Amino acid sequence: MSGGEGGGTTLEFTPTWVVAMVCTVIVAISLAMERLLHYTGKFLKSHNQKSLFEALQKVKEELMLLGFISLLLTVFQNPISKICVSPGLVTHMLPCGLSERSSSESAEASHFQSSFSVSSSTPIRIRRLLGETTTSTSETGTCAEKDKVPLLSTEALHHLHIFIFVLAIVHVTFSVLTVLFGGARIRQWKHWEDKIAEQNYDTKQVLKPKITSVHQHDFIKGHFLGIGKNSAILGWLHSFFKQFYASVTKADYVTLRLGFIQTHCKSNPKFNFHKYMIRALEDDFKQVVGISWYLWIFVVIFLLLNINGWHTYFWIAFIPFLLLLAVGTKLEHVITQLAHEVAEKHTALEGELVVQPSDEHFWFAKPQIVLYLIHFILFQNAFEIAFFFWIWFQYGFDSCIMGQVQYIIPRLVIGVFIQVLCSYSTLPLYAIVTQMGTTYKKAIFDEHVQAGLKGWAEKVKRKKGLKPGTDASSHAGSQGSVGVIQLGKLAKRASTPEEIQGAAPPPTSDEQK
């Protein structure tokens, strides 16, 4: 009467106040999270942060996917647990050895017996202990009648359910922290941009003729001159070590900025490169924060290879570590290549030293490959950390899955190192070096121009509305609308940043103030 097949008390014999209280807590937490995401989205839209808003939508998609996975696991947990297979199929490829399983079961049996022998035990405690084993006993009994064993127990499904949830939450959290810390590092470069803007407003400095000695330039001295300038191996070694102590210097920023402007917006030397770079990074963030299909494939492969004695969880920690070092070295080497191209061709230049951006400097001539690698690195590192804490809280620090201490500590050290290096070195490097490709993010300029045109049109309508005469105001409004459409078409036809900026309407007196 008090329980069904799975054991425990059903809703038929559960106090209504208990059911109402549990439902209230769950619904309140869910609504609070939904409202938090909703108001966060409104805040981002009101501050014209479209890229971050799209990243937030990506987070909502991941949460919806998690909810669907949770629903599937809940609905199918009983049918899956009733699937019976031959005992020989479940004695191979185990995360823990059978001997460790026997010792664990004996420990549980002794604990169970002591629960009955202790005089202070109450009937309530005995009922709870019986309830914990009823489900697994029922599953085993059903399959034992056929001389078989369950394919996957309800308890194991529940643990897998928790792991998938922890993995997604840790990945999103780590991605957000990486972009926040990396963005804070990039914003430290703003004073370099402000300093350049001040120099560009100085007419005497701009008109003053200048001859640049290439080999005396700070950018060239930092990447071309010195020991090993003609050695490819030493050049790669220099790029490898530079990512740890001075990934981007002022000379690097100034030179790469000028190379981008001279290539994509030559007629606008006052172009705000730092602002563009931040927007480009925010646009890439929406891809980094998601869990793509190929990352789920990696999770499945890891769960398949997590076999006792292989220490897969230890060796797999080196994959993101080595990939991160390779990505940082490659990005630094792109800067070195740009310096070599100029230094090998010129000894002196009239005007500023300008590098030539090109996709050929990147792997397979595709700068976006670097973003995919960073995405994979962040996910795999989050996977390592999530797996560690899941094992710790689910099975305990002494669990056979956790492994020995000599395998645990290096994993944690590597995980922390990856998080710090990616935030303060690799991500800022990616933000600036990937702008040295042949193309640029035209969509960012289009969004900026569309927002500017919309605001300009609204101001025109407000000003025209103040004038007497309904017909005149409507006629002026129609002319303003036509002007906006024409400017919008001009912005779409523009192929370079300065053409897009030139398509935008001139600032009004209010904007100038």
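Residue positions within a chain follow its written sequence, with the count starting from 1. The predicted origin of the model limits local features to residues at a pLDDT of at least 70 and limits the giving and counting of side-chain atom pairs to 80 or more, whereas totals for whole chains, interfaces and linings rest on all residues. Note: side-chain values were computed over all heavy atoms of the structure, leaving out hydrogens and water.

Put simply, the rule is: UniProt positions are given in the numbering used here, feature names are shortened, and annotations may be inferred rather than shown by experiment.
For the protein, the name recorded in an unreviewed UniProt entry is MLO-like protein, with Trapa incisa as its organism. In its Subcellular location (unreviewed entry) section, the UniProt record describing the protein reads: "Membrane". One UniProt comment on the protein, placed under Sequence similarities (unreviewed entry), says "Belongs to the MLO family."

1. Overview of the pattern of salt bridges
Note the threshold: The salt bridge definition used is simple: a Lys or Arg side-chain nitrogen within 4 Å of an Asp or Glu carboxyl oxygen. Secondary structure follows DSSP: runs of H or I at least 4 residues long count as helices, runs of E at least 2 residues long count as strands, and numbering of each begins at the N terminus. Accessible area is worked out with a 1.4 Å probe on protein chains only. A residue is then buried under 20% of its type maximum, exposed over 50%, and partly exposed in between.
Counted under the stated rule, the structure contains seven salt bridges. Across the pair D252 and K242 runs a salt bridge whose closest N-O atoms are separated by 3.2 Å. Residue D252 is found in helix α10 (residues 250–264), and its partner K242 is found in helix α9 (residues 232–245); the two are separated by 10 residues along the sequence. Both residues of the pair, D252 and K242, count as buried. As a salt-bridge pair, K242 and E332 come within 3.8 Å of each other at their nearest N and O atoms. Placement of the pair is K242 in helix α9 and E332 in helix α14 (residues 318–343), with a sequence separation of 90 residues. Look at the salt bridges and you will find they share partners, linking K242, D252 and E332 into a network.

2. Points about helix α15 (residues 368–395)
Operational definition: Between the first and last residue of a helix there are one fewer steps than residues, each counted as 1.5 Å, and that sum is the expected span.
Taking 1.5 Å of rise per residue, 28 residues should cover 40 Å, and α15 covers 40 Å from first to last C-alpha, within 8% of that figure. A positive phi of about 100 degrees marks G396, the residue just after α15.

3. As for the packing of helix α11 (residues 273–288) against helix α16 (residues 405–433)
The line we're drawing: Between N-to-C directions, angles span 0 to 180 degrees; the directions come from axes that are lines fitted to C-alpha atoms, helices contributing only their stretch in contact. The labels follow the angle: roughly parallel below 35 degrees, roughly antiparallel above 145, roughly perpendicular from 65 to 115, and oblique for the rest. Take the far helix as your reference; a near helix turned counterclockwise from it by less than a right angle gives a left-handed crossing, and one turned clockwise gives a right-handed crossing. Working rule for contacts: check all heavy atoms of both residues, and any pair within 4.5 Å makes them a contact. Side-chain classes are defined by residue name, with Ala, Val, Leu, Ile, Met, Phe, Trp, Tyr, Cys and Pro counting as nonpolar, Asp, Glu, Lys and Arg as charged, and the others, Gly among them, as polar.
Where α11 contacts α16, the axes come no closer than 9 Å and their chain directions differ by 115 degrees. Taken together, the axis directions place α11 and α16 in an arrangement best described as roughly perpendicular. The chirality of how α11 crosses α16 is right-handed. Taken together, the residues of α16 that come into contact with α11 (itself represented by F273, M277, L281 and D284) are L427, Y430, A431 and I432. Counted by class, the contact of α11 with α16 contains seven nonpolar, no polar and one charged residues.

4. Concerning the state of the cysteines
Filter applied, for reference: We call a pair of cysteine sulfur atoms a disulfide whenever their separation is within 2.5 Å.
What the rule picks out here adds up to one disulfide. Between the sulfur atoms of C84 and its disulfide partner C143 the distance amounts to 2.0 Å. The chirality of the disulfide connecting C84 with C143 is left-handed, given an S-S dihedral of about -80 degrees. A residue pair is termed long-range when its members are at least 10 positions apart, and C84 in strand β1 (residues 84–85) and C143 in helix α4 (residues 123–144) qualify at 59 residues.

5. Thoughts on unusual backbone geometry
Look at F364: it is not a glycine, yet its phi comes out positive at around 55 degrees. Position of F364 among the secondary structure elements: in the loop between β4 (348–350) and α15. On the accessibility criterion, F364 (72% relative accessible area) is exposed. The residue A365 is not glycine, and still its phi comes out positive at about 60 degrees. Mapped onto the elements of the fold, A365 is located in the loop between β4 and α15. Given a relative accessible area of 28%, A365 falls into the partly exposed group.

6. Brief notes about the environment of Q199
If you trace the backbone, Q199 turns up in helix α6 (residues 190–201). For Q199, a relative accessible area of 45% corresponds to the partly exposed category.

7. Brief notes about the environment of G259
Turning to its location among the elements, G259 is positioned in helix α10. As a C-alpha pair, G259 and V355 span 96 residues in sequence and 4.9 Å in three-dimensional space. Look past the residues within four positions of G259 in its chain and what remains in contact with it is V354, V355 and P357.

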